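# Summary of structural features
Chain residues, written in single-letter form:
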Amino acid sequence: MRDYLVRATSFDNKIRIYAINATNTVKEAQRRHQLWPTASAALGRTLVVGAMMGAMLKGKETLTIKVNGDGPIGEILVDANAKGEVKGYVSNPNVHFQYPDGKLNVSKAVGSKGEIQVIKDLGMKDFFTSSVDLISGELGQDFTYYFAKSEQTPSSVGCGVFVDTDNAVLAAGGFIIQVMPGATEETISQLEKTLENIKPISEMIHEGYTPEDIVKEICQNEPFNILSDLDIRFVCHCNKDRFARGLISLGKDELKQIIEEDKQAEIVCHFCQDKYHFTEEELKELLKSIS
Ligand code: ZN
């Protein structure tokens, strides 16, 4: 099944819902970064939320999510845009912790002290940056807190990744429920009750639930409208030119030193792990372009 998300409304347009299946996207992240299961879950959950937050943007707007906790995974960094393109990495992909019941212990990998920072490039001169403290490190709860605190939109964020014992990502997905002004107390308590009782999101996706099925599950017997959908994929737009510019920006002296000592350069893209090789001749050309 393809990766996509849907935008929906329900409860007289007072509730907005995003629901996503991002299994292939997280599979691709796992393959590129050789993530261990708990690292797949941590990066995967952030990719899932990032893709949905990207879908809240318009046109060429982009956003970056940085999760910096005190756990061994280090930084989790995810970039997303309004076109359904998402990419990301973690400082340490070889992290794996489980709870006694076998569930992945994301909180231990991420840490429960630290912060989530969201940087939005809305195409204006300044970036819009906001951050909140981590409260659990499991990420769903932390992003729920982020929306309440930074975006002043009471929301509920669910995100989950199901990983097999051989590291294979079997399912990844999530939802964001946003409460619009004018929603009744009755609606909110009905949703809270539903959320307490529905299956974990990773289980739903693993059982074959589509994003539309997830919306239906959240709305229960309430009618809903699917407004639109958006294909989601792991995409990195890096290329050799961009890294060449990076080498040039190191400056004459440092570039000269690389040529003398290494006689070549290999640069690995943090986001996608693609490798770019520069020969001695290519490096000399770059050096010339500085002079
Ligand atoms: Zn790349």
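About the cut-offs
Residues numbered from 1 in each chain as written. Predicted model: local features only at pLDDT ≥ 70, side-chain atom pairs only at ≥ 80, totals over all residues. Heavy atoms only, no water. Axes fitted to C-alpha atoms, helices over the stretch in contact; angles between N-to-C directions. Helix = DSSP H or I, 4+ residues; strand = E, 2+ residues; numbered from the N terminus. Parallel < 35°, antiparallel > 145°, perpendicular 65-115°, else oblique. Left-handed = near helix turned anticlockwise from the far one by under 90°. Contact = heavy atoms within 4.5 Å. Salt bridge = Lys/Arg side-chain N within 4 Å of Asp/Glu carboxyl O. Buried < 20%, exposed > 50% of the residue type's maximum accessible area, 1.4 Å probe, protein only. Arc of directions from axis to C-beta. Donors = N, O, S within 2.8 Å, 3.2 Å for Na, K, Ca; no water. Tetrahedral: all angles 85-135°; square planar, octahedral: opposite > 155°, others 65-115°.

With that out of the way, let us pick up the packing of helix α8 (residues 240-249) against helix α10 (residues 280-290). The geometry of α8 relative to α10 is characterised by a closest axis approach of 10 Å and an angle of 60° between their N-to-C directions. Taken together, α8 and α10 sit at an angle that is classed as oblique. Where α8 crosses over α10, the two elements pack in a sense that is right-handed. Taken together, the residues of α10 that come into contact with α8 (itself represented by Lys240, Ala244, Leu247 and Ile248) are Glu282, Leu283, Leu286, Ser289 and Ile290.

Going through the model one piece at a time under the given rule, you end up with 14 salt bridges. For Glu28, the salt bridge goes to Arg31, with nearest N and O atoms at 2.9 Å. Placement of the pair is Glu28 and Arg31 together in helix α1 (residues 23-33), with a separation of 3 residues, close to one helical turn. Take Arg31: its relative accessible area is 48%, and that puts it in the partly exposed class.

Let's shift gears to the packing of helix α9 (residues 252-261) against α10. Where α9 contacts α10, the two axes come as close as 10 Å, and the packing angle between them is 160°. Between α9 and α10, the angle falls in the class roughly antiparallel. For α9 against α10, the interelement crossing comes out left-handed. Contact residues: Lys252, Leu255, Lys256, Ile258 and Ile259 in α9; Glu280, Leu283, Lys284, Leu286, Leu287 and Ile290 in α10.

Turning our eyes to something else, we now look at α10. Within α10, the full set of buried residues consists of Leu283, Leu286 and Leu287. The arc enclosing the buried residues of α10, seen along the axis, measures out at 100°, which places them on a common side. Of the exposed residues in α10, those oriented more than 90 degrees away from the buried face are Glu281 and Lys288. For α10, the elements touching its buried residues are α8, α9, β12 (265-268) and β13 (275-278).

Let us look at the coordination of the zinc ion. Distances from the zinc ion to its protein donors, Cys236 (SG), Cys238 (SG), Cys269 (SG) and Cys272 (SG), fall at 2.2 to 2.3 Å. Relative to the metal, the 4 donor atoms surrounding the zinc ion lie at angles of 102 to 117°, and the coordination shape comes out tetrahedral. Read N to C, the donor residues that coordinate the zinc ion are spaced as C-x1-C-x30-C-x2-C. Cys272 carries the same exposure label as Cys269, and that label is buried.

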